[in-house]
Amino acid sequence: NYIFQKLARMMGTNNVDNCARVCHSASVSGLAACYGSGAATNSFDQIRDTDLLLVIGANPYEAHPIVGLKIKDAIKNGTQLIVGDPRKTQLAEKADVWLNLIPGTNIALLNGIIHVILKEGLEDKEFIKKRTEGFEALKKGVKKYTPEYVSGITGVAKDRIIEAAKMYAKADKAMIIYSLGMTEHTTGTYNVMSLGNLATVTGHLGRSNVGINPTRGQNNVQGACDMGALPNKYVGYQSVDDEKSQKKFEKAWKTKLDNKLGLTCTEMDVEMNKGKLKGYYIFGEDPAMTNANVNFVKAGLKKLDFLVVQDILPTETTELAHVVLPGSSHAEKDGTFTNGERRIQLIRKAIEPLCGKADWETICMVAKALGIKNMEYESPSEIWDELASVAPMFAGVSHERCNPNGIQWPCPSKDHPGTQIMYEQKFNRPNGKAKFNFQEHIASAEVPDNKYPLILSTGRRRQHYNNGSMTTRSATIMDQWPEESLELNPFDARMLNVKDSEKVLASSRRGEMEVKVHITDRVQPGITFLAFHNRDAMTNLLTNDKLDPICKIPEYKSCAIKIEKLNGHK
């Protein structure tokens, strides 16, 4: 990831991005606004010994099973559990309080919880006074978000809102875990800010077994962001439009660099369709399946003069490529992965790359063919040493120090042990204080109407991974979960005269797909659910590509659809 983004900069563009854009870019922008850094505050091992867990917009039993195992241990140890989720997931069934909110109402729910905390006098007054700013604006803003008012917006019973607020505020150690159900909205950044407000108003920060912890969308998206695979940041989150940073990297890389912010990958989709983006190099990504509104994405990819895709297996995107370069899997290369708790972990190749080259070697060969100098390395360790020399947060990290258990950044010097807990003394903002960022509830970009009366939300299945390019090729996994089905509440099924396992036509304003129905009370009336792993059920034909204006993340988690019978033709 480091040398891939370096290649882009050396070619004279900041148009480089990674898949965190469509999963957790809202975490980066939202948490940075609150605390000055856009990453998890605590370690996952601390989950087991916290007094209370608030899991919101996350389904770790299925989407993050390792974190899910730690949550199971915590529940066995007596940890209280609050779950915020439109679906009654396995985890929601175990919750002391299930906050069954309508998709797109996160801000209202969190404002309502904070309203109750302040009304009951359960805020951490000392923490607020010493370590925060902007409290009065928050206090004023949440005043109208009474439990009754919030219940009308979210669909959550007012008693549940009150109970959750008291439980979270009264707990000595309370930890928040959230994921894409919070971020993949046009209000994703504001959702995360509101979650930050809750952690801050109760002082559940800067200690063990507390904090606010995003579980990332894919393995190593934290690492991709850390490495500067972003249109606005060099490695270590140093701004491309900052003169000091630009000069530092120009000196290190011995080249002239552009100081203009680049395009996000979601903005690139738009520019492709306008004919303004001519060439695209896609590495280990499948936007023709995983980006929102894939009809629009595919139309743009087809307009490119030149598309290069580097990957390990054929995908929807490789089918559109002019050139396909072979990638190497995790088992075929040395280097590091960084997980959601900021832990840099060393990986070692088990076998030689099947295609003859590791990814970094292929990228360096492309650079050499383009006539780019300063892109020749002997090993991944040498690449790491270069990036650590220009990124203060990694200055104390080397491959040797990442073995065997990894090390958590920031780690600014060789004698630094790494950082298990962020913000123990101060926050990363200029004055060292956390900032409250009150936001009003804003409805989803698309809400149900007479033509499209149902809400579609999307997520994951435990058996499959992301675009399914690997897991759908496993016969054993396919035996476990052979096809995708649209979850539909029994009430809606009766209204539509649809039976379980019946194939229907699901459509939105962007596309349509045929899919089997699974009738279940796991989803509430008016809400449907689909995963996006299977090429035979292209969920992202339906999803809305309307973007959060700050971080440019699409609204995967809420769009309006309709379901129609196929009238016996299929």
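As a reminder, the structure under discussion sits directly above these lines.
Procedures and definitions
- Residues numbered from 1 in each chain as written.
- Predicted model: local features only at pLDDT ≥ 70, side-chain atom pairs only at ≥ 80, totals over all residues.
- Heavy atoms only, no water.
- Helix = DSSP H or I, 4+ residues; strand = E, 2+ residues; numbered from the N terminus.
- Rg over C-alpha atoms; globule rule 2.2 N^0.38 Å.
- Buried < 20%, exposed > 50% of the residue type's maximum accessible area, 1.4 Å probe, protein only.
- Contact = heavy atoms within 4.5 Å.
- Areas by Shrake-Rupley, 256 points an atom, 1.4 Å probe, with all protein chains shown as cover.
- Lys, Arg positive; Asp, Glu negative; His and termini not counted.
- Charge placed at Lys NZ, Arg CZ, Asp CG, Glu CD.
- Core = buried A, V, L, I, M, F, W, Y, C linked by side-chain atoms within 4.5 Å.
- Patch = residues over 30% accessible without salt bridge, like charges linked within 9 Å, V, L, I, M, F, W, Y side chains within 5 Å.
- Salt bridge = Lys/Arg side-chain N within 4 Å of Asp/Glu carboxyl O.
- Arc of directions from axis to C-beta.
- Axes fitted to C-alpha atoms, helices over the stretch in contact; angles between N-to-C directions.
- Parallel < 35°, antiparallel > 145°, perpendicular 65-115°, else oblique.
- Left-handed = near helix turned anticlockwise from the far one by under 90°.
- Nonpolar A, V, L, I, M, F, W, Y, C, P; charged D, E, K, R; others polar.
- Phe/Tyr/Trp six-rings, centres within 6.5 Å; stacked < 30°, edge-to-face > 60°.
- Lys NZ or Arg CZ within 6 Å of the ring centre and 35° of its normal.
- Polar contact = N/O pair within 3.5 Å; in protein donor to acceptor, adjacent residues only side chain to side chain.

### Side note on the overall build of the chain
Alright, step 1. The secondary structure content of the chain amounts to 21 helices and 23 strands.
Alright, step 2. At 23 Å, the chain has a C-alpha radius of gyration in line with the 25 Å of a compact globule built from 570 residues.
Alright, step 3. Looking at the 570 residues of the chain, the share that counts as buried comes to 59%.
Alright, step 4. Partitioning the intrachain contacts of the chain with sequence separation of at least 6 by distance along the chain shows that 72% fall at a separation of at least 24.
Alright, step 5. Accessible area for the chain stands at about 23,200 Å²; split by element, carbon and sulfur atoms hold 51% of it.
Alright, step 6. Side chains of the chain give 73 positive and 67 negative charges; the mean places of these two sets differ by 4 Å.

### What to know about the nonpolar core
Alright, step 1. Counting residues in each nonpolar core, the largest one holds 92 residues, and the members touching the most others are Tyr2, Tyr35 and Phe394.
Alright, step 2. In this view, Tyr2 contacts Met227, Val235, Trp253, Tyr377, Ile383, Glu386, Leu387 and Val390; residues no more than four positions away in its chain are not counted.
Alright, step 3. Counting residues in each nonpolar core, the second largest holds 21 residues, with Leu454, Leu486, Ala506 and Met538 among its members.

### A few points about a positive patch on the surface
Alright, step 1. On the surface, Lys72, Lys76, Lys94 and Arg462 cluster together to form a positively charged patch.
Alright, step 2. Structurally, Lys72 is set in helix H4 (residues 65–76).
Alright, step 3. Taking relative accessible area as the criterion, Lys72 reaches 36% and is therefore assigned partly exposed.

### Looking at the side chain of Glu285
Alright, step 1. For Glu285, the position within the fold is in the loop between strand S9 (279–283) and helix H16 (287–290).
Alright, step 2. Although buried, Glu285 forms no salt bridge, and the nearest oppositely charged side chain, Arg460, lies 9.3 Å from it.
Alright, step 3. Leave out the neighbours within four places in its chain, and Glu285 touches Cys19, Thr290, Asp311 and Thr317.

### Some remarks on helix H14 (residues 243–253)
Alright, step 1. Of all the positions in H14, only Ser245, Gln246, Phe249, Glu250 and Trp253 are classed as buried. Considered in projection along H14, the buried side chains sweep an arc of 135 degrees and stay on one side of the axis. Facing away from the buried side of H14, by more than 90 degrees, are the exposed residues Glu243, Lys244, Lys247 and Lys251.

### Concerning a negative patch on the surface
Alright, step 1. Taken together, Glu376, Glu378, Glu382, Asp385 and Glu400 make up a surface patch of like negative charges.
Alright, step 2. Structurally, the position occupied by Glu378 is in the loop between helix H18 (359–369) and helix H19 (380–390).

### A look at the packing of helix H1 (residues 2–10) against H18
Alright, step 1. Contact geometry for H1 and H18: axes closest at 9 Å, N-to-C directions at 15 degrees. Classified by the angle their axes make, H1 and H18 are roughly parallel. The hand of the H1/H18 crossing is left-handed. Along the contact surface, H1 presents Ile3, Phe4 and Leu7, while H18 presents Trp360, Ile363, Cys364, Val366 and Ala367.
Alright, step 2. Across the contact of H1 with H18, the residue classes tally to 8 nonpolar, no polar and no charged.

### Things to note about the packing of aromatic side chains
Alright, step 1. Summed over all chains, the structure comprises 15 aromatic pairs.
Alright, step 2. Ring centres of Phe4 and Tyr281 lie 4.9 Å apart, and the angle between their planes is 85 degrees; on these two criteria the pair is classed as edge-to-face. Residue Phe4 is found in helix H1, and its partner Tyr281 is found in strand S9; the two are separated by 277 residues along the sequence.
Alright, step 3. Relative to Phe436, the ring of Phe135 lies with its centre 5.7 Å away and its plane at 55 degrees, an arrangement referred to as tilted. Of this pair, Phe135 sits in helix H8 (residues 135–141) while Phe436 sits in the loop between strand S15 (434–435) and strand S16 (454–459), placing them 301 residues apart in sequence. By the burial criterion, Phe135 is buried, and Phe436 matches it.
Alright, step 4. For the cation-ring pair, Lys72 lies above Tyr61, with the distance from its terminal atom to the ring centre recorded as 5.0 Å.
Alright, step 5. Above the plane of the ring of Trp409 lies Arg342, whose end atom (NZ or CZ) is 5.9 Å from the centre.

### Some words on the pattern of salt bridges
Alright, step 1. Evaluation of the coordinates by the stated rule reveals 31 salt bridges.
Alright, step 2. Between Glu487 and Arg87 there is a salt bridge, with its nearest N and O atoms 2.9 Å apart. Of this pair, Glu487 sits in strand S17 (residues 485–488) while Arg87 sits in the loop between strand S2 (80–84) and helix H5 (90–93), and the two are 400 residues apart along the sequence.
Alright, step 3. The residue Glu271 makes a salt bridge to Lys274 at a minimum N-O spacing of 3.7 Å. In this pair, Glu271 and Lys274 are both assigned in helix H15 (residues 265–274), 3 residues apart and thus about one turn of the helix distant.

### Looking at the environment of Ser27
Alright, step 1. Structurally, Ser27 can be placed in helix H2 (residues 25–35).
Alright, step 2. Residue classification places Ser27 among the buried positions, given a relative accessible area of 0%.
Alright, step 3. Once you skip the residues sitting within four places of it in the chain, Ser27 turns out to touch Ala32, Gly38, Tyr178, Thr183, Val192 and Pro214.
Alright, step 4. Engagement of the side chain of Ser27 in a polar contact is seen with the side chain of Tyr178, the distance being 2.6 Å.

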